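Structure at a glance
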Amino acid sequence: MHTDTSTETIDSLAKVIWDYMLMHQSLKKVDGILALGSRDTRTAEQAANLYLAGLAPFVLFSGDTGVTEHTRTEWGMSEAEKFAEVAMEMGVPEESIMLETASRNTGDNIRFSRRILEERGIAVESLIVVQKPYMERRTYATFMKQWPGMDFIVSSVPIAFEDYATERISKEETINAMVGDLQRIKEYPAKGFQIEQNIPDNVWAALEELIRLGFNTRPIA
């Protein structure tokens, strides 16, 4: 639990990291959409909107459950299956949807999805990869390492940090997740999971202050 510090101060620190995580890549027509699962169904909505806008001929939803298995408990199904439900409710036809239901982390999302496409003989040279806003940069760094040579764009639901929290996903949970992701951006290249990313001094300083305030529930094992 974080210490007694003003909400304004905490939000200001968190927003520094949030803004760093966004890639601001321009969208274009691609061969397919790959949406990475989580508790946040707005990722599924973004993927569906991109499909319905005619940017790709199919959507591949990837994800079993996260390491805490919140989604399996809440939904009784994999993240990919839940995301597919959301997309179909929005008008994406079932025949335009593929599922990858085994992955438990970002690297698995990419490797397992690539394998599914290869096994089905679906040739893709370009993708839009849809993720939560604060995971755009780590997804980019992971994708560059795990699927080199692929032309891809990282996208997320367009939403400000101040508006991101919901009844299901608290601001505190989001800040803890961002702190954990930024630590992984720094440490994972040495493990071979991601490419290196430059982390500006002010961004790392914001992380260190948030950790000092108690936001560090997702440390690297």
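Throughout what follows, the structure given in this document is the object of discussion. (Residues numbered from 1 in each chain as written. Predicted model: local features only at pLDDT ≥ 70, side-chain atom pairs only at ≥ 80, totals over all residues. Heavy atoms only, no water.)

Let us now look at the overall build of the chain. Tallying secondary structure elements over the chain gives 8 helices and 5 strands in all. Across the chain, helices and strands are ordered from the amino to the carboxyl terminus as α-β-α-β-α-α-β-α-β-α-β-α-α. Taking 221 residues into account, the globule formula puts the C-alpha radius of gyration at 17 Å, and the chain, at 17 Å, falls close to it. Overall, the chain is about 50 × 35 × 30 Å in size when its C-alpha atoms are taken along their principal axes. Of all intrachain contacts in the chain linking residues separated by at least 6 positions in sequence, the fraction that spans at least 24 positions is 77%. For the chain, the accessible area works out to roughly 10400 Å², and carbon and sulfur atoms hold 48% of it. (Helix = DSSP H or I, 4+ residues; strand = E, 2+ residues; numbered from the N terminus. Rg over C-alpha atoms; globule rule 2.2 N^0.38 Å. Contact = heavy atoms within 4.5 Å. Areas by Shrake-Rupley, 256 points an atom, 1.4 Å probe, with all protein chains shown as cover.)

With that settled, consider the packing of helix α1 (residues 7-21) against helix α7 (residues 171-191). Packing of α1 against α7 leaves a shortest axis separation of 10 Å and a crossing angle of 45°. Comparing their axes, α7 and α1 come out oblique. As for how α1 packs across α7, the hand of that crossing is left-handed. Packed against α1, whose contacting residues are T7, I10, D11, A14, I17, W18, Y20 and M21, the element α7 presents K171, T174, I175, M178, D181, L182 and I185 at the interface. Its residues assigned to classes, the contact of α1 with α7 shows 10 nonpolar, 2 polar and 3 charged. (Axes fitted to C-alpha atoms, helices over the stretch in contact; angles between N-to-C directions. Parallel < 35°, antiparallel > 145°, perpendicular 65-115°, else oblique. Left-handed = near helix turned anticlockwise from the far one by under 90°. Nonpolar A, V, L, I, M, F, W, Y, C, P; charged D, E, K, R; others polar.)

Turning our eyes to something else, we now look at the packing of α7 against helix α8 (residues 201-212). One can describe the packing of α7 onto α8 by two numbers: an axis separation of 10 Å at closest approach and a directional angle of 130°. For the element pair α7 / α8, the angle class is oblique. In this structure, the crossing between α7 and α8 has a hand that is left-handed. Only V203, W204, L207, L210 and I211 of α8 make contact with α7, whose side of the interface consists of I175, V179, L182, Q183 and K186. Residues belonging to the contact of α7 with α8 are distributed by class as follows: 8 nonpolar, 1 polar and 1 charged.

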